[in-house]
Amino acid sequence: MPKRSEEMLVDLWMSLLLVWITCVPSVSTTPVGGQSRTAQTGGSAAAAAASSLGEGQRLLSRAKRGWVWNQMFVLEEFSGRDPILVGRLHTDLDVGNKNIKYVLAGEGAGTIFAINELTGDIHAMKRLDREEKAEYTLTAQVVNADTDEPLEPPSEFIIKVQDINDNPPQFIEGPYRASVPEMSAVGTPVTRVMATDADDPVYGNSAKLVYSILDGQPYFSVDPNSATIKIALHGMDREVKEEYFVVIQAKDMGGHMGGLSGTTTVTIMLTDINDNPPKFSKSLYEFGIPEDLPIGKTGGKVKATDRDIGENAKSTYNIIEGDDQSTFEIITDPQTQDGILRLRKPLDYESKKAYTLKVEATNVRSEPGSGGPFKDTATIKIVVEDADEPPVFSKPMYLLEVKENAPVATVIGRVAARDPDSSGSLVRYFIDRHTDLERQFNINVDDGNITLAKPLDRETDMWHNITVTATEVRNHSQISRAIVAIRVMDINDNAPEFATEYEAYLCENGKPGQVIHTVSAVDKDDPSQGHRFDYRLVQEAQSNPNFTIKHNQDNSISVVAKHDGFRRQKQEIYFLPIVVSDQGHPPMSSTNTLTIRVCGCSRDLVVQSCNVEAYVLPIGLSMGALIAILACIILLLVVLFVTLRRHKNEPLIIKDDEDVRENIIRYDDEGGGEEDTEAFDIATLQNPDGINGYLPRKDIKPDLQFMPRAGQHSGPNGVDVDEFINVRLHEADNDPTAPPYDSIQIYGYEGRGSVAGSLSSLETASSDSDQNYDYLREWGPRFRRLGELYSVGESDRET
């Protein structure tokens, strides 16, 4: 054999020896203290290899007295259905054919592990999984085969399940989602994905993972050890591509061939940054705006689009250049991001027909280091369109003045309006009569002169506010309005008069020079310098021996008594006429009368009584007695009034037992109608004495006796019955003492021969509800009312 082959053989044997020494130790014990110890032989798959080396090679196993190797090893998975030898137990007592046996107890004994009672071989009966249980603790003992008595103490040992690479890596938290800002630099971390391997991380490389990227290049890369995904391509733009799908693989065994692997997906979104400026869709916008567009209304819209999203796409609009920038404004619609052009001042086609504005759109947000927000500009041309505008007054409000004594048809003032359109239509003026209900004023429809239609009175209405309308002649729908305030100027046309109807009281025990009353005056006029009144007694009263007046400094006077000794018995009331005049142009005056009543007063000049009759009463009669007498008189009057009232309200009818007006008289037989001459004495109707005779009714008590005039009716003895009845009916209708009371008589029998037939419901099988009274209407006008009454009653019963 060549040297090279020998060296290789030696290396192989040395390797096998090292494996045998390290992994498959064999230990035997000798008795200690007179007792024997069990020897354990542990092995795994290497044990089977050791048996194939032959008996001679077993001499390589270590043997040492006095210690125990208490571990055995077995692979977690084995192929085939036959049990696999895990290890062998041996005791020094097992020499020859001694009667002993081996007993196994502990975790999995009898189910997972079994022992040969004779040889001590331990076999695994089931497939093991280290990920479920990594080791088992068992106890072995040698007992007598016949009596099961222990021959030595039990020995505890552990069977460890050795790992094999039978679990692939798994991404427990996958699939993943991550995001990274667009335009990020190469190497920027995006996210980290971690896989787990259930295999033993200590034993071999079964749990050593290596990561790689299967899909997602060249945009992203992954660190093979830390599993960190990073940006691998420069300039990744969200506006070009926003979403990426990356597949990451984790492989065990350090990534070598034969290792198991697992994959997961990572969805990476590029988030937006403000890297795009706003851009107007057109560089020039043209709008036509009518000149009558109201202030604040929209005249046009512009829009700058931005490829960014969210806050990065928001922009604001401003007018940076243009004609009369104060006429327009542009605002941003927060919903649509449109620039809305609105009117701030009224437009006038006749004065300016076009405007040019330059607007700018600016991003609200800007990225740090970008040099400021992005911007874009556009030009707006506005053409003012002519519109038929209503007339325009020279003033929005007119203030006019007129004196209250101005005659009718006086021109108070003038309003003026013009048509602002270039065509210049004529204007007509009118007064809105809703503001001039009294039709106090008129206006000239052509020139706008306002004239007085009725006399004025400042004291009634000081101000008149009317509305004047101006209407185009060619288009009556174009109307403008203006307010005209007319102030009525005062003239001195009202005389001053007493402020109220004064009544003064003069004490009998007063002193000469006593102030009886203070009088003031009022004037409905309103002079610009205020009121100043003059008071004087009338010419006849200037030499009044009883009273005089004294002027005060506040437009009032005091009435003063000239002497004392006034007595009510002599004169109870004095009338003092006073003339009050103003200082207007012309001056106005009026005569007012002050009534002065003489009264009895206390020593402190407090009025107590002004009644002159009090002095003629007896001196010994007190005020309490007077009040008592007055109360008795009032009580008697009330009693008398109630008595008269009760007597007057007594009914005109006699007592109930004598009242026969509503008595119902029933008979067993019924009259015979027109042919019955026995039920009533017709001679009574034919008695001529009954025509002129007056018989008062017995069912009433007349207060008045109505006597017919003598000679009212005359005739021969052969009186016409119809005329007699009509005369009696006339007397009953005109008798004020006879109320229209009725008497009801019911007859049980009706004679034959009546054309109307029987109206009685007696001896009929039908009830009231079965009666049909429609036939009454067919009997003629006299029975029509009766038919209507019965029909109404019948409908009421049905209701």
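Going by the structure above, here's the rest.
Residues numbered from 1 in each chain as written. Predicted model: local features only at pLDDT ≥ 70, side-chain atom pairs only at ≥ 80, totals over all residues. Heavy atoms only, no water.

Peer 1: Is there a simple way to think about the overall build of the chain in this case?
Peer 2: A tally of helices and strands in the chain yields seven helices and 44 strands. Put simply, the chain has 799 residues, and 34% of those count as buried. A total accessible area of about 49,800 Å² is found for the chain, and carbon and sulfur atoms account for 53% of it. (Helix = DSSP H or I, 4+ residues; strand = E, 2+ residues; numbered from the N terminus. Buried < 20%, exposed > 50% of the residue type's maximum accessible area, 1.4 Å probe, protein only. Areas by Shrake-Rupley, 256 points an atom, 1.4 Å probe, with all protein chains shown as cover.)

Peer 1: Even after reading the chapter, I still don't get the sheet that holds strand E11 (residues 189-192), so can you show me in this structure?
Peer 2: Hydrogen bonds between backbone groups are what pair the strands of a sheet, and the pairing can be parallel or antiparallel. If you walk across this open sheet you meet the three strands as E11-E14-E13, and the pairing is antiparallel. Each end of this open sheet is capped by a strand with a single partner; those strands are E11 and strand E13 (220-222). Mean inter-strand twist for the sheet, computed between neighbouring axes without regard to direction, equals 25°. Of the strand pairs in this sheet, E13 and strand E14 (residues 228-231) are connected by three bridges, and their pairing is antiparallel. Counted as the bridge partner of valine 222 is isoleucine 229 from E14. (Pairing = 2+ DSSP bridges. Axes fitted to C-alpha atoms, helices over the stretch in contact; angles between N-to-C directions.)

Peer 1: Sorry, what's going on with the state of the cysteines here?
Peer 2: Note on terminology: disulfide describes a covalent bond linking the sulfur atoms of two cysteines. All chains considered together, the criterion is met by two disulfides. What pairs with cysteine 507 in a disulfide is cysteine 601, and their sulfur atoms sit 2.0 Å apart. Looking along the S-S bond of the cysteine 507-cysteine 601 disulfide, the torsion reads about -85°, which is the left-handed sense. Of this pair, cysteine 507 sits in strand E35 (residues 503-507) while cysteine 601 sits in strand E41 (residues 589-601); the two residues are 94 residues apart in sequence, bridging distant segments of the chain. Covalent S-S linkage joins cysteine 599 and cysteine 610, the inter-sulfur distance amounting to 1.7 Å. Given an S-S torsion of about 100°, the disulfide between cysteine 599 and cysteine 610 has right-handed geometry. You can see cysteine 599 sitting in strand E41 and its partner cysteine 610 sitting in the loop between strand E42 (607-609) and helix H3 (623-648), a full 11 residues away along the chain. (Disulfide = S-S within 2.5 Å.)

Peer 1: How should I be thinking about the pattern of salt bridges in this particular structure?
Peer 2: Side chains that carry opposite charge are capable of pairing whenever their charged atoms lie near each other. What the rule picks out here adds up to 19 salt bridges. A salt bridge links aspartate 490 to arginine 458, with the shortest nitrogen-to-oxygen separation between them at 3.0 Å. On the criterion of sequence distance, the pair formed by aspartate 490 in the loop between strand E33 (479-489) and strand E34 (497-498) and arginine 458 in the loop between strand E31 (449-452) and strand E32 (463-472) is long-range, its members being 32 residues apart. With relative accessibility at 7%, the residue arginine 458 sits in the buried group. Between arginine 597 and glutamate 572 there is a salt bridge, with its nearest N and O atoms 3.3 Å apart. Of this pair, arginine 597 sits in strand E41 while glutamate 572 sits in the loop between strand E39 (556-561) and strand E40 (573-581), and the two are 25 residues apart along the sequence. We classify glutamate 572 as partly exposed; its relative accessible area is 24%. What emerges from the salt-bridge pattern is a single network uniting Asp388, Asp419, Glu472 and Arg474. (Salt bridge = Lys/Arg side-chain N within 4 Å of Asp/Glu carboxyl O.)

Peer 1: Even after reading the chapter, I still don't get a nonpolar patch on the surface, so can you show me in this structure?
Peer 2: On the surface, Leu630, Ile634, Val638, Phe641 and Val642 cluster together into a nonpolar patch covering about 470 Å² of accessible area. Its place among the elements puts phenylalanine 641 in helix H3. (Patch = residues over 30% accessible without salt bridge, like charges linked within 9 Å, V, L, I, M, F, W, Y side chains within 5 Å.)

Peer 1: Quick question: what am I supposed to make of the sheet that holds strand E15 (residues 243-251) here?
Peer 2: Taking strand neighbours across the sheet as the criterion, the four strands line up as E10-E16-E15-E12 in an open arrangement whose pairing is mixed. Of all the strands in the sheet, just strand E10 (176-181) and strand E12 (210-215) have a single pairing partner and so form its edges. Ignoring which end each strand starts from, the neighbouring axes of this sheet average 35° apart. Pairing geometry for E12 and E15, over five bridges, is antiparallel. Each residue of the ladder has a partner; that of tyrosine 211, found in E15, is alanine 250.

Everything listed here is a matter of coordinates, which is why it stays silent on function.
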